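# Inside the fold
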Amino acid sequence: MDHGILPKRGKLEKLESPDRVWELDPAGTLDRLGVGGTVCDIGAGSGLFSLAAAERTKDAVYAVDTDADILNVLAGRAKERGLSNLHTLPVDGYLYPIPADCADWALLVTTLHEIGDIPALFAELRRILKPGGRAALIEFRAGQTPMGPPPAHRLGAEAAQKIFEAEGFQKAREFVLGDNLYCQVYENADKKSRL
């Protein structure tokens, strides 16, 4: 979601810089996570992960973002690739036009540090995730690294874990992505307990 950290001009180029794409490795990271089924990519941007997810599942992939223009670019790319399961959803806020209990995975790729209303986001995550569904978080590591936003705009792994745990999620696993990023996987503890 774009809350002002990335400027409009050059946003696409920055999101898709070769170094960033190489380090994120969308297809490889989704493989490593075991992502499948219905996916909701929150703050999808240009859709690096949405496109990779739509290519690996026949189920719906929802690309959610506040930037309708960049979602139009993504929709065109999905059409060019014949990905009819990718649905772009421009939103304004934290209520997504997605059915409850439908998503196997929610992806938050370099997004959480931009969220202004954490409780609203997590209320929506809890609503859309199926029992047993998971949230995958990718963020820039704390401190200065070769690429990424200034340290003051980052959300380190420990801080992210505190947020997720305060919102009822349990960490299932964590790994690093190159020199700049980390990935954490969370389960909704409340929905897991009702299985």
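As the structure is a prediction and not an experimental result, all values here were calculated from the model.

## Details of helix 4 (residues 48-56)
For helix 4, the buried fraction is high: seven of the nine residues fall into the buried class. Residues Leu48, Phe49, Ser50, Leu51, Ala52, Ala53 and Ala54 constitute the buried set of helix 4.

## Some points on the packing of helix 3 (residues 26-33) against helix 4
The N-to-C vectors of helix 3 and helix 4 enclose an angle of 60°; their axes lie 9 Å apart at closest approach. One way to sum up the angle between helix 3 and helix 4 is to call them oblique. As helix 3 packs across helix 4, the resulting crossing turns out to be right-handed. The residues of helix 4 that touch helix 3, namely those facing Pro26, Ala27, Thr29, Leu30 and Asp31, are Leu48, Phe49, Ala52, Ala53 and Arg56. Here the contact of helix 3 with helix 4 is composed, by residue class, of seven nonpolar, one polar and two charged.

## A short note on helix 5 (residues 68-80)
Helix length check: helix 5, at 13 residues, gives a terminal C-alpha distance of 18 Å against a target of 18 Å (1.5 Å per residue), a fit within 8%. Where helix 5 is buried, its residues touch helix 1 (11-15), helix 4, strand 2 (61-65) and strand 3 (86-90). Put simply, aspartate 67 is the residue that caps the front of helix 5, since its side-chain oxygen is 3.1 Å from the backbone nitrogen of aspartate 69.

## Quick word on the nonpolar core
Ranked by internal contacts, the top residues of the largest apolar core, which has 31 residues, are Leu33, Phe49, Leu86, Leu107 and Ile138. Sorting the residues of this core by element identifies helix 3, helix 4, strand 2, helix 5, strand 4 (103-109), strand 5 (129-140), strand 6 (169-177) and strand 7 (181-188) as the ones contributing at least two each. If one sorts the elements of this core by residue count, helix 4 sits on top with six residues. In contact with leucine 86, not counting residues within four places along its chain, are Ser50, Leu51, Ala54, Val61, Ala63, Leu74 and Ala78. Ranked by size, the runner-up nonpolar core spans 29 residues in total, among them Ala60, Val91, Leu121 and Ile128.

Conventions adopted
Residues numbered from 1 in each chain as written. Predicted model: local features only at pLDDT ≥ 70, side-chain atom pairs only at ≥ 80, totals over all residues. Heavy atoms only, no water. Buried < 20%, exposed > 50% of the residue type's maximum accessible area, 1.4 Å probe, protein only. Helix = DSSP H or I, 4+ residues; strand = E, 2+ residues; numbered from the N terminus. Axes fitted to C-alpha atoms, helices over the stretch in contact; angles between N-to-C directions. Parallel < 35°, antiparallel > 145°, perpendicular 65-115°, else oblique. Left-handed = near helix turned anticlockwise from the far one by under 90°. Contact = heavy atoms within 4.5 Å. Nonpolar A, V, L, I, M, F, W, Y, C, P; charged D, E, K, R; others polar. Expected span 1.5 Å × (residues − 1). Polar contact = N/O pair within 3.5 Å; in protein donor to acceptor, adjacent residues only side chain to side chain. Core = buried A, V, L, I, M, F, W, Y, C linked by side-chain atoms within 4.5 Å.

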